[in-house]
Structure formats: C-alpha cells, structure tokens
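Commentary on secondary and tertiary structure
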Amino acid sequence: MGIDIREIKMDAVEWLKKRWLSVGIENGDTLLIHSNIIRTLGILKRNGYEPSADLVLKSFINAVGEKGTVLFPLFNFEFTKGVTFDMRNTKSQMGSLTEAARNHPNSVRSGHPIYSFCAIGKHASKFKMLDNVSGYGADSPFGILRNLHGKIAVLDIVENGSMTFYHHVEEMMMVPYRYMKYFEADYIDSNGFKTKKTYSIYVRDLEKKVKTNLEPIGNKLWEANIYKGNLPNIETGLRIARASEVYDFASSVIAEGNALGNLYRIGN
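Here's what I pulled together on the structure shown here.

Calculation notes
- Residues numbered from 1 in each chain as written.
- Predicted model: local features only at pLDDT ≥ 70, side-chain atom pairs only at ≥ 80, totals over all residues.
- Heavy atoms only, no water.
- Axes fitted to C-alpha atoms, helices over the stretch in contact; angles between N-to-C directions.
- Helix = DSSP H or I, 4+ residues; strand = E, 2+ residues; numbered from the N terminus.
- Parallel < 35°, antiparallel > 145°, perpendicular 65-115°, else oblique.
- Left-handed = near helix turned anticlockwise from the far one by under 90°.
- Contact = heavy atoms within 4.5 Å.
- Nonpolar A, V, L, I, M, F, W, Y, C, P; charged D, E, K, R; others polar.
- Pairing = 2+ DSSP bridges.
- Salt bridge = Lys/Arg side-chain N within 4 Å of Asp/Glu carboxyl O.
- Buried < 20%, exposed > 50% of the residue type's maximum accessible area, 1.4 Å probe, protein only.

What follows deals with the packing of helix α7 (residues 215-223) against helix α8 (residues 243-255). Taken N-terminus to C-terminus, the directions of α7 and α8 make an angle of 125 degrees; their axes are 11 Å apart at the nearest point. Taken together, the axis directions place α7 and α8 in an arrangement best described as oblique. The element α7 and its partner α8 pack so that their crossing is right-handed. Contact residues: α7 offers Ile217, Lys220 and Leu221, while α8 offers Val246, Phe249, Ala250 and Val253. For the contact of α7 with α8, the per-class residue count stands at 6 nonpolar, no polar and 1 charged.

Another point: the sheet that holds strand β3 (residues 85-86). Strand order in the open sheet made by the 3 strands is β3-β7-β8, with mixed pairing throughout. The two strands at the open ends of the sheet, each matched to only one other strand, are β3 and β8 (194-204). Relative to strand β7 (residues 178-188), β3 runs parallel, the two being bridged by 2 bridges. Its bridge partner being in β7, phenylalanine 85 is matched across the sheet by tyrosine 187.

Taken as a whole and assessed by the stated rule, the structure comprises 12 salt bridges. Here aspartate 186 and lysine 194 are joined by a salt bridge, their closest N and O atoms 3.8 Å apart. Two residues, aspartate 205 and lysine 208, come together in a salt bridge whose shortest N-O distance is 3.9 Å. With relative accessibility at 15%, the residue aspartate 205 sits in the buried group.

This is the structure in structure tokens:
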C-alpha cells in the first residue's frame, strides 16, 4: 500500500515542531521569525520527508499553538525606488517561508510598504490594517512585538542578515549615525484604493560611511545568555531571544557610547 503524502507531511510537521520546541519556542509565544529554510528542507528530504515551505510554516504555527502568534517579515524595497506598493499582491523579498506565510488563509498584513509583516494567530488583529509611517518606530510591528513580550527567532541566518530589530532600538534611541529619510510612491490598500503616500525609514548616514555591523553584538547576546538555541548551520540552526531583552541590551550598549564596533562600523 502506498504512503499518503498527507501523512508524511503531518509526521514532518510534528518532527520539526519538536526541534523548534527543543531550543526555546513555547506554546503561546508571540514569535517573529527570520528564516533561510534551504538547509531545513535538505534535512527533511534526507530524513525521508517531502520538503516544502508550507510544511515548515505549519510546524512553527503548531509550535506556538492556538494561543500563540507567528510574525514574518515581508520586506520589499521597491517602494524606495518609486514602485507602487500593493497591500494585496506585493511579494516578500525575504524568502519562500515568508511568501508561504503571506499566502496563508489566516494571514494579515501590516501596512508599511517597505517593512511590512504578516501575522498568523491570536494577536494577528493587532497587526491588521496597521499603518505605521516609520518602519522601525514605536508603533511599528517591532514595537508591538516588544509590548507583547514576544520573542525573535532566527533560522540559519547570520546576525547582519536578520536582526532588523536592532534598527528599532536605534530609532528609539535616536542614534546620530542614522537619520529619518522619507519615500513617496503610489500605494494600493487592501480594498484596491490607490493613492500617493509617504513613509519613512531611519537609515544609515552614508555620507559618514556608516556600515551595519551586527555580529559583535550578536556574540555578546550569546555571552549574556540572551540567545538560546543553535548558531546558523549547526543542529537546528535556530536561535531565539526575547525581544525586550534584546532591546534592553542594545539600548544599554548605545547609551554607554559603544554602538561603534558593536552595531555599526565606518568604512567603504
């Protein structure tokens, strides 16, 4: 008798769920997930499972449970070039797992055309129709995540390529090596209504040759036991930290005058 592919997928979801729970995800978590799932898909295949982004998505949804919420970045930078943003159709540039999440039937999307997120679960309504002007501001999904005592999970991506949350801290601290930059382009809302809108990002000061450099502070989060789990490409490849702890640590680094060398560098 042949094996029902749906049974294989259910087995795989449970198998992945146990991996995520083993490194610190808990039932009821509000969880922001940054991901590169290529290695995870390979692990699934080598273990006899049928790999897919939808399967990985379901495993994270199941891991946080009915009382939990998962968030995924749907970042797309075309608006900064004057390209129209369409709330209903603009794709994520953050990988296949985020596109699977965007297309999930219970997914809702926040409204910033550059730094939008989708949410699935208990607190999804807090992100629905959210129209924060600043990508990293207090009223952004980063701020809401912190207020919800949520966590950040990073799957197989180095610090510099994943932890956008630090820029939320930098904006809250009004660091001098960044400044507010505004972008205007056409915007299509969830009802299909088109208008011209303006949004902002707290960007690096390129004239001062500011370069994002997050690996040092990431190492310090491990040393401080704020990060739990595994480094990229080791075992699960998933590391987790509570957003409020990351915020407190990074804001202290900035307040003490140590952002240079920990959060950014100067160079070509």
